[in-house]
Amino acid sequence: MDASMLSQQILNGITLGATYALIALGYTMVYGIIQLINFAHGEIYMVGAFVGVLMVTVFQQGLLFSLAAAMLACMVMGVTIERIAYRPLRRSTRLAPLISAIGVSIFLQTLMTKIKGPQPVAFPQVINDALYKIGPVEISKVQILILIVASLLMATLHFIVKYVKIGKAMRAASEDYDTAALMGINVNRVISFTFAIGSALAAAGGVLVGLYFNSVSPFMGVSAGLKAFCAAVLGGIGSIPGAMLGGIFLGVAETLGIAGGFDMYKDAIAFTLLIIVLLFRPTGLLGRPIQRKV
Amino acid sequence: MLKVEDVHVYYGAIHAIKGISLEVPQGQIVTLIGANGAGKTSALNTICGLIKPKSGRIFFEGKDITGVPTQEIVKLGLTQVPEGRRIFANMPIYENLELGAFLNKNKKEVAQDMEKVYTRFPRLRERKNQLAGSLSGGEQQMLAMGRALMSKPRLLLLDEPSMGLSPILVKEIFSIIKELNEQGTTILLVEQNAKMSLSIAHKGYVVETGRIVLAGDAKELLESPEVKKAYLGG
């Protein structure tokens, strides 16, 4: 592999990784607050992609409008899922909401298969894709779009979490649920907000990936969801910068692995990496050591 | 100001609080003393709405707050400094204080209140940009109290503020509690350090295995043979 090929693969990897990161953020934020692995998160990403297709084809909307509509629709869906499937189980064992999440995941997959059929659907090419040459690498319009949208969304998220009141409440609730309530924070509202943001990011990821690979299917959330979950754990579950880093790291590793001739093992790369990282850093790249209160 | 009437709390099948009734009159310090596991913390958490009682009523300033969500109770002017401080360790000190004033939308007032907290606890001002987790135990207790004061409570619940602190710091914390009370905050203080808390309190309750076994004037309790024998080392 020469230098130009290498840099091209890294660029492709970052693009793919940015989409993983968008999904991984939802896993990590939800886990940070309610210690739940939201196994239905991959399906939210899938539904987001389908809403994007619907907007572009049936409603003849432009890409940005479709993206916004998909994000909004998934926000509502994410909040509703939490209300119906997770909140009633809040004070039960940790396994109960996890199983409920798997149920929601199967439900959404089956529902989408019933509506659209099990075959992948092509994502209409709403933008005239073109290739630009920058030095040794080529970058497509779609790639540029993915990188810009993902960076904007992540920067916005960072701003909200760091400086906006609800973001501070999120951090407080993720550190200590009861004490956050003693500050006068409505923890239920914070949880709803977390699901809304996480689902919107996943929906954006879904539309962008649909556009990138020109294909949307009811099962696309399974492997993307698992990989994004790996990315979140890799970066340190509960850590927002960790999810971003983990996503990019995984995307680059996967692309380089394929370019290096391991294309048969494409999907194994993420999990192998996860095992290796966890062996040496059990809390992930940016995870905090687990503190136990006595 | 606060009235608790025959409250029962269960954790699953365990009957943790077996009918506690108590009263905190405005302007006083009332203390709840008792051994580990007696149900003192459960009682405070029930008052704050963190635990739902099985039966019984809780009134704050005449308003029934039984089963009201914690954040609504805080809005009414009642908050707690929890056991073990429970500061937000991964956030800087100033953010901990800001969170204490979460319900106050008046930014100017929040800044003033923060200034007051810094004046009361100068150590916090020196370290306001440091992560709260880097503070010593005594400083963390001060931060937890400062954070609670940011919500301008009229009734402050304190859960074992002396836990794990050196005797000098315990004295300092207790003199701050007294000072807060003199400035108008009513206080319900839970303590294992019976001597210290009875010496600053007006009224005291002795809790044993989920029940109140003794109640009365703090001075009288300090002199009572039962309390002396059980909690003050004879």
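To be clear, the structure that these remarks concern was listed above.
Overview of the structure. (Residues numbered from 1 in each chain as written. Chains lettered and ligands numbered in written order. Predicted model: local features only at pLDDT ≥ 70, side-chain atom pairs only at ≥ 80, totals over all residues.)

Some points on the overall build of chain A
From N to C terminus, chain A includes eleven helices and two strands. Going from N to C terminus, chain A has its helices and strands arranged as α-α-α-α-β-β-α-α-α-α-α-α-α. Dimensions of chain A, computed from C-alpha atoms along their principal axes, come out at roughly 55 × 45 × 35 Å. Taken over 294 residues, chain A has a buried fraction of 50%. Partitioning the contacts of chain A with sequence separation of at least 6, the portion at a separation of at least 24 is 75%. (Helix = DSSP H or I, 4+ residues; strand = E, 2+ residues; numbered from the N terminus. Buried ≥ 20, exposed ≤ 12 C-beta atoms within 10 Å, placed from the backbone. Contact = placed C-beta atoms within 7 Å.)

Brief notes about helix 3 (residues 93-100) of chain B
Where burial is concerned, most of helix 3 of chain B is hidden: seven out of the eight residues are buried. Within helix 3 of chain B the residues assigned to the buried category are Ile93, Glu95, Asn96, Leu97, Glu98, Leu99 and Gly100 of chain B.

A closer look at helix 6 (residues 165-175) of chain A
Judged by how many residues are buried, helix 6 of chain A sits mostly within the fold: eight of eleven residues are covered. Summarising the contacts, the buried residues of helix 6 of chain A are in contact with helix 1 (3-34), helix 5 (141-163), helix 7 (177-182) and helix 8 (187-213) of chain A together with helix 3 of chain B.

Some remarks on the packing of helix 2 (residues 41-57) of chain A against helix 3 (residues 63-86) of chain A
The axes of two packed helices give the description: the angle between them and the distance between them. All names here are of chain A. Where helix 2 contacts helix 3, the two axes come as close as 8 Å, and the packing angle between them is 140 degrees. On the basis of the axis angle, helix 2 is oblique to helix 3. Helix 3 is crossed by helix 2, and the crossing has right-handed handedness. Counting all contacts with helix 2, which are made through Ile44, Val47, Gly48, Val51, Gly52, Met55 and Val56, the residues of helix 3 involved are Phe65, Ser66, Leu67, Ala69, Ala70, Ala73, Cys74, Met77 and Gly78. Of the residues that constitute the contact of helix 2 with helix 3, the class distribution is twelve nonpolar, four polar and no charged. (Axes fitted to C-alpha atoms, helices over the stretch in contact; angles between N-to-C directions. Parallel < 35°, antiparallel > 145°, perpendicular 65-115°, else oblique. Left-handed = near helix turned anticlockwise from the far one by under 90°. Nonpolar A, V, L, I, M, F, W, Y, C, P; charged D, E, K, R; others polar.)

What about the environment of Gly48 of chain A?
Residues and elements named next belong to chain A. Looking at where Gly48 falls in the secondary structure, it is placed in helix 2. In this structure Gly48 comes out as buried when scored by C-beta crowding, with 34 C-beta atoms within 10 Å. Separated by 60 residues in the primary sequence, Gly48 and Leu108 place their C-alpha atoms 12 Å from one another. Dropping the residues within four chain positions of it, Gly48 is found in contact with Ala70, Cys74, Ala202, Ala203, Gly206 and Val207.

So, the interface of chain B and chain A
Every contact between the two is made by 22 residues of chain B and, on the other side, 15 residues of chain A. Mapped by element, the contributors of at least two residues to the side of chain B that touches chain A are helix 2 (70-75), strand 6 (78-81) and helix 3 of chain B. Counted by class, the side of chain B that touches chain A contains ten nonpolar, eight polar and four charged residues.

As for the sheet that holds strand 10 (residues 211-217) of chain B
Within a sheet, neighbouring strands are paired by backbone hydrogen bonds and run either parallel or antiparallel to one another. All names here are of chain B. Ordered by their spatial adjacency, six strands build an open sheet running 6-7-8-3-9-10, and the pairing between neighbours is mixed. With partners counted over all chains shown, the strands left at the sheet margins are strand 6 and strand 10, one partner each. In this sheet, adjacent strand axes meet at a mean angle of 15 degrees when their direction is disregarded. Here four bridges tie strand 6 to strand 7 (residues 155-159), and the two strands are oriented parallel to one another. Following the sheet pairing, Leu78 is matched in strand 7 by Leu155. Each of strand 3 (29-33), strand 7 and strand 8 (186-191) touches helix 7 (residues 167-182); the most contacted strand, strand 8, lies at about 155 degrees to it. (Pairing = 2+ DSSP bridges.)

A few points about the nonpolar core
In a soluble, globular protein the nonpolar side chains are often hidden away together inside. Within the largest apolar cluster, 159 residues are counted, with the highest numbers of intra-cluster contacts made by Ala21, Cys74, Ala203 and Ala204 of chain A. Contacts of Ala21 of chain A, omitting those with residues within four sequence positions, involve Ala150, Ala231, Ala243, Met244, Gly247 and Ile248 of chain A. (Core = buried A, V, L, I, M, F, W, Y, C linked by C-beta atoms within 7 Å.)

Topic: the sheet that holds strand 2 (residues 14-24) of chain B
Residues and elements named next belong to chain B. Strand order in the open sheet formed by four strands is 2-1-4-5, and the pairing between neighbours is antiparallel. Each edge of the sheet is formed by a strand with only one pairing partner; in this case those strands are strand 2 and strand 5 (63-64). Relative to strand 2, strand 1 (residues 2-11) is paired through eight bridges, and the arrangement is antiparallel. Paired with His8 across the strands is Lys18, a residue of strand 2.

What about the pairing of strand 8 of chain B?
All names here are of chain B. Most of strand 8 sits out of view: six of its six residues are buried. The alternating pattern of strand 8 places Thr186, Leu188 and Val190 and Ile187, Leu189 and Glu191 on opposite faces, both of which are buried. Here strand 3 runs beside strand 8; their pairing, made up of five bridges, is parallel. Following the sheet pairing, Ile29 is matched in strand 8 by Ile187. Pairing geometry for strand 7 and strand 8, over five bridges, is parallel. The partner of Leu158 across the bridge, within strand 8, is Leu189.

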